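Observations on the model geometry
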Amino acid sequence: MDINKLNVLTTEGRNINTIDIDKLDTLGIITLINEEDKKVAYAVENAKKDIAKAVDEIANRLSNGGRLIYIGAGTSGRLGIVDASECPPTFGVDFELVQGLIAGGHEAIFKAVEGAEDDEVLGKKDLVNINLTSKDVVCGIAASGRTPYVIGAMNYAKEIGAAVICVTMNPESEMSKIADYPISVVVGPEVIMGSTRMKAGTAQKMVLNMLTTATMIKLGKVYSNLMVDVKATNEKLVARAKRIVMIATGADENTASSILDETNYDVKLSIFMLLTGLEKEKAREMLKKNCGYIQKALEDVKNEK
């Protein structure tokens with residue numbers, strides 16, 4: 001990459017607050033890092049309107065058969081994979097619904113694959129391999145906003161009519177000019193110059209959390225602030241499922257356990273049955289009619305009475 005291009009990137013700037021960090025004791029180093037990290041949430045706040053626009057598009061696409069595909073290189077790619085992999089256990093969605101792709105493939109999750117991020121064709125190829133369609137949403141992630149692998153993927157997504165989002169840490173980036181929904185979170189220079197796994201990575205994780213969490217709320221995966229589509233796949237999650245039913249309905253533990261056994265640990269259905277007194281099949285029918293959104297289904301039941 002041309003050194004002059006690096007000079008203009010905010011994420012490649014030198015942080016004047018940390019120039020003497022190597023002279024400090026351990027607590028001093030930690031304090032400086034912490035002070036810089038405090039700035040991240042405010043930078044994300046400045047981008048919240050753009051994040052909201054992206055969420056509305058994602059929710060619309062996913063409710064009409066689309067998928068959300070994160071794509072990035074290095075830390076950015078790994079963060080996309082982390083967020084995607086947490087959606088099925090948290091929200092009970094299929095593993096195909098939210099996916100994360102990284103330059104260099106599976107090996108690159110654990111170890112850098114040199115040169116992969118510089119290949120535009122590879123970005124396109126990885127989307128072709130998952131059969132990207134016009135129903136889908138592609139979210140390119142790159143601190144610099146200029147990673148060729150991600151740009152190649154975004155351009156291909158645009159060509160076939162998929163919605164395109166980007167999450168970058170530099171204003172007016174190449175990626176933001178391609179995206180339908182650009183999100184730029186300007187966190188400023190890193191504690192260690194160019195180490196974008198730090199503030200930039202933290203900001204990316206915060207934005208991705210917002211994109212999927214807000215989308216899942218809009219898709220009815222949450223009742224109040226409870227994850228009612230959680231899958232009870234281990235002992236901790238079985239206990240969580242019971243507790244969620246108890247909190248949502250006021251039921252005691254025995255009642256919660258009994259209804260969960262009846263519904264095969266379908267937390268949402270269990271809650272709705274307890275709140276409405278409906279039999280299982282009728283309750284299931286009402287939830288399906290309301291796309292799994294408990295609040296809307298409760299209103300529907302109220303209106304029928």
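The rules behind these values
Sequence order as written defines residue numbering, which begins from 1 separately in each chain. Only residues with pLDDT of 70 or above have their local features reported here, since the model is predicted, and side-chain atom pairs are shown and tallied only from 80 upward, although totals for entire chains, interfaces and linings are computed over all residues. By convention in this description, side-chain values take in all heavy atoms of the structure and omit both hydrogens and water. Here a helix means four or more residues in a row that DSSP labels H or I, a strand means two or more in a row labelled E, and each is numbered from the N terminus. To estimate how far a helix should extend, the number of its residues minus one is multiplied by 1.5 Å. Only protein chains enter the accessibility calculation, which uses a 1.4 Å probe; a residue is then buried when its area is under 20% of its type maximum, exposed when over 50%, and partly exposed in between. This arc is taken over the directions from the axis of the helix to the C-beta atoms. Within 3.5 Å is the distance limit for a polar contact, defined as a pair of N or O atoms, with the added protein rule that one can donate a hydrogen and the other accept it, and that residues adjacent in sequence qualify only through two side-chain atoms. Here a residue-residue contact requires only that any non-hydrogen atoms of the pair lie within 4.5 Å. The working definition used for a salt bridge is a side-chain nitrogen of Lys or Arg within 4 Å of a carboxyl oxygen of Asp or Glu. To count toward a patch, a residue needs a relative accessible area over 30% and no salt bridge; like charges are then connected within 9 Å, while nonpolar side chains (Val, Leu, Ile, Met, Phe, Trp, Tyr) are connected within 5 Å. Only the protein chains shown count as covering a residue, and every accessible area follows the Shrake-Rupley method with a 1.4 Å probe. Counted as positive: Lys and Arg. Counted as negative: Asp and Glu. His and the chain ends are not counted at all. Charge placement uses NZ in Lys and CZ in Arg. For Asp and Glu, CG and CD serve respectively. UniProt positions are given in the numbering used here, feature names are shortened, and annotations may be inferred rather than shown by experiment. Every axis corresponds to a line fitted to the C-alpha atoms, with the helix fit spanning only the stretch in contact, and the corresponding angles, defined between N-to-C directions, vary from 0 to 180 degrees. Working definition: roughly parallel below 35 degrees, roughly antiparallel above 145 degrees, roughly perpendicular at 65 to 115 degrees, and oblique for all remaining angles. It is the rotation of the near helix from the far one that decides the hand of a crossing: anticlockwise by less than a right angle makes it left-handed, clockwise makes it right-handed. Charged means Asp, Glu, Lys or Arg here, nonpolar means Ala, Val, Leu, Ile, Met, Phe, Trp, Tyr, Cys or Pro, and polar covers whatever is left, Gly included.

Description of helix α10 (residues 235-249)
- With 15 residues, α10 should reach 21 Å at 1.5 Å per residue; the first-to-last C-alpha distance of 22 Å fits that figure.
- Of the positions making up α10, those classed as buried are Leu237, Ala241, Ile244, Val245 and Ala248. End-on, the buried residues of α10 take up no more than an arc of 95°, which puts them together on one face. Within α10, the exposed residues directed more than 90 degrees away from the buried face are Glu235, Lys236 and Arg243.
- Among the residues of α10, the N-terminal cap falls to Asn234, whose side-chain oxygen and the backbone nitrogen of Lys236 are separated by 3.1 Å.
- Of the residues one or two after α10, Gly250 is the one with positive phi, at around 80°.

Concerning helix α3 (residues 48-62)
- Taking 1.5 Å of rise per residue, 15 residues should cover 21 Å, and α3 covers 21 Å from first to last C-alpha, within 8% of that figure.
- The secondary structure elements touched by the buried residues of α3 are α2 (26-45), β1 (68-72), β3 (137-141), β4 (163-168), β5 (181-184) and α9 (199-218).

Remarks on the pattern of salt bridges
- A complete count under the given rule lists 14 salt bridges for this structure.
- Asp56 is the salt-bridge partner of Lys218, the closest N and O atoms lying 3.4 Å from each other. Here Lys218, found in helix α9, pairs with Asp56, found in helix α3; they are 162 residues apart in sequence, far enough to count as distant.
- Judged by relative accessible area, which is 45%, Lys218 ranks as partly exposed.
- For Asp56, a relative accessible area of 43% corresponds to the partly exposed category.
- Between Glu174 and Arg146 there is a salt bridge, with its nearest N and O atoms 4.0 Å apart. Of this pair, Glu174 sits in helix α8 (residues 174-178) while Arg146 sits in the loop between β3 and α7 (148-160), placing them 28 residues apart in sequence.
- Glu174 gets classed as partly exposed once you look at its relative accessible area, which sits at 41%.
- Three or more residues joined by partner-sharing salt bridges are found here, namely Glu36, Lys39 and Lys199.

Some details on a negative patch on the surface
- Among the surface-exposed residues, Glu114, Glu117, Asp118, Asp119 and Glu120 lie close enough to one another that they form a single negatively charged patch.
- When you line up the elements, Glu114 lands in the loop between α5 (107-110) and α6 (120-129).
- The class of Glu114 is exposed, set by a relative accessible area of 72%.

Quick look at the UniProt feature "domain: SIS" (unreviewed entry) in the protein
- Per the UniProt record, the feature "domain: SIS" (unreviewed entry) sits at residues 58-221.
- In residues 58-221, the share of helix is 46% and the share of strand is 15%. The end C-alpha atoms are 14 Å apart.

Digging into the packing of α3 against α9
- The contact between α3 and α9 brings their axes to 9 Å, and the two run at 45°. The pairing of α3 with α9 is recorded here as oblique in orientation. Remark: the crossing between α3 and α9 carries right-handed chirality. Facing Ile51, Ala54, Val55, Asp56, Ile58, Ala59 and Leu62 of α3, the residues of α9 in contact are Val207, Met210, Leu211, Ala214, Thr215 and Lys218.
- The residue makeup of the contact of α3 with α9, split by class, is 10 nonpolar, 1 polar and 2 charged.

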